[in-house]
Amino acid sequence: MLSVLIETRNDEEGLARTLASLVGGAVEGVVRDVIVCDAGSTDQTHRVAEHAGCHYLTGGIGAAIGQAKGDWLLLLEPGARLAEGWIDEVVAHTARQTMPARFSRARANRAPFLARVFSSNRALAEGLVISKRQASAFAKSGRSAEALARGLATRRLNAEIWVAPLK
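Residues numbered from 1 in each chain as written. Predicted model: local features only at pLDDT ≥ 70, side-chain atom pairs only at ≥ 80, totals over all residues. Heavy atoms only, no water.

Novice: Please explain the UniProt feature "domain: Glycosyltransferase 2-like" (unreviewed entry) in the protein as it appears in this structure.
Specialist: Residues annotated by UniProt as "domain: Glycosyltransferase 2-like" (unreviewed entry) correspond here to residues 3–93. Helix makes up 42% of residues 3–93 and strand 27%, whereas the separation of the span's terminal C-alpha atoms amounts to 15 Å. (UniProt positions renumbered as here; feature names shortened; annotations may be inferred. Helix = DSSP H or I, 4+ residues; strand = E, 2+ residues; numbered from the N terminus.)

Novice: I keep staring at the environment of Ser-104 and nothing clicks. Help me out?
Specialist: The residue Ser-104 is located in strand β6 (residues 101–105) in this model. Ser-104 sits 64 residues away from Gly-40 along the chain, and the two C-alpha atoms are 30 Å apart. At 2.9 Å, the side chain of Ser-104 and the backbone oxygen of Leu-157 are in polar contact. (Polar contact = N/O pair within 3.5 Å; in protein donor to acceptor, adjacent residues only side chain to side chain.)

Novice: How should I be thinking about unusual backbone geometry in this particular structure?
Specialist: Among all residues save glycine, negative phi is the norm, and among peptide bonds the norm is trans. A positive phi is found at Asn-10, a non-glycine position, where the angle reads about 55°. In this structure, Asn-10 sits in the loop between β1 (2–8) and α1 (12–21). Taking relative accessible area as the criterion, Asn-10 reaches 27% and is therefore assigned partly exposed. (Buried < 20%, exposed > 50% of the residue type's maximum accessible area, 1.4 Å probe, protein only.)

Novice: Where do I start with the pattern of salt bridges in this structure?
Specialist: Any two side chains of opposite charge can pair, on the condition that their charged atoms come close. Counting across every chain of the model gives 4 salt bridges. Note that Arg-156 and Glu-126 form a salt bridge whose closest N and O atoms lie 3.3 Å from each other. Pair noted here: Arg-156 is in strand β8 (residues 155–162) and Glu-126 is in the loop between α6 (113–118) and β7 (128–131), with a separation of 30 residues, a long-range link. A salt bridge links Glu-146 to Arg-150, with the shortest nitrogen-to-oxygen separation between them at 2.8 Å. What makes Arg-150 partly exposed here is its relative accessible area of 47%. Among the charged side chains, a network of salt bridges with common partners joins Arg-105, Glu-126 and Arg-156. (Salt bridge = Lys/Arg side-chain N within 4 Å of Asp/Glu carboxyl O.)

This is the structure:
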């Protein structure tokens, strides 16, 4: 079972898009719970989360990791959308691996080569699948989800993600 964690601030539209891509996982019984960690939104982010049946927290990612019910966590940026086929790939990965993993960018969503080379890299742009045990160890320092994901050695999943647009 998988807990999805989404750290957000003033991105109700992006949150709605991300939650819509998770519906299949919830129907299949793979997604156990979704926790939205809000970092001080002033828009209607809390209403989007509550209407979708998510747990809504105002606080850091550490508190969300502590409340997550799944043994594995999926960290996403608001606005990111998982493509068809992600469920089987994540289930297979969590059954046989212990290391974290990231999704592959959807082909139509990939930036040109030079744009990738010279742009700043967002650690959660391609999502992160990590065991709750590993995430708990990293989160003790009180870092953000972005900081938690930065610098991890990961495996590349054979499932695609549509990366959240830059703000």
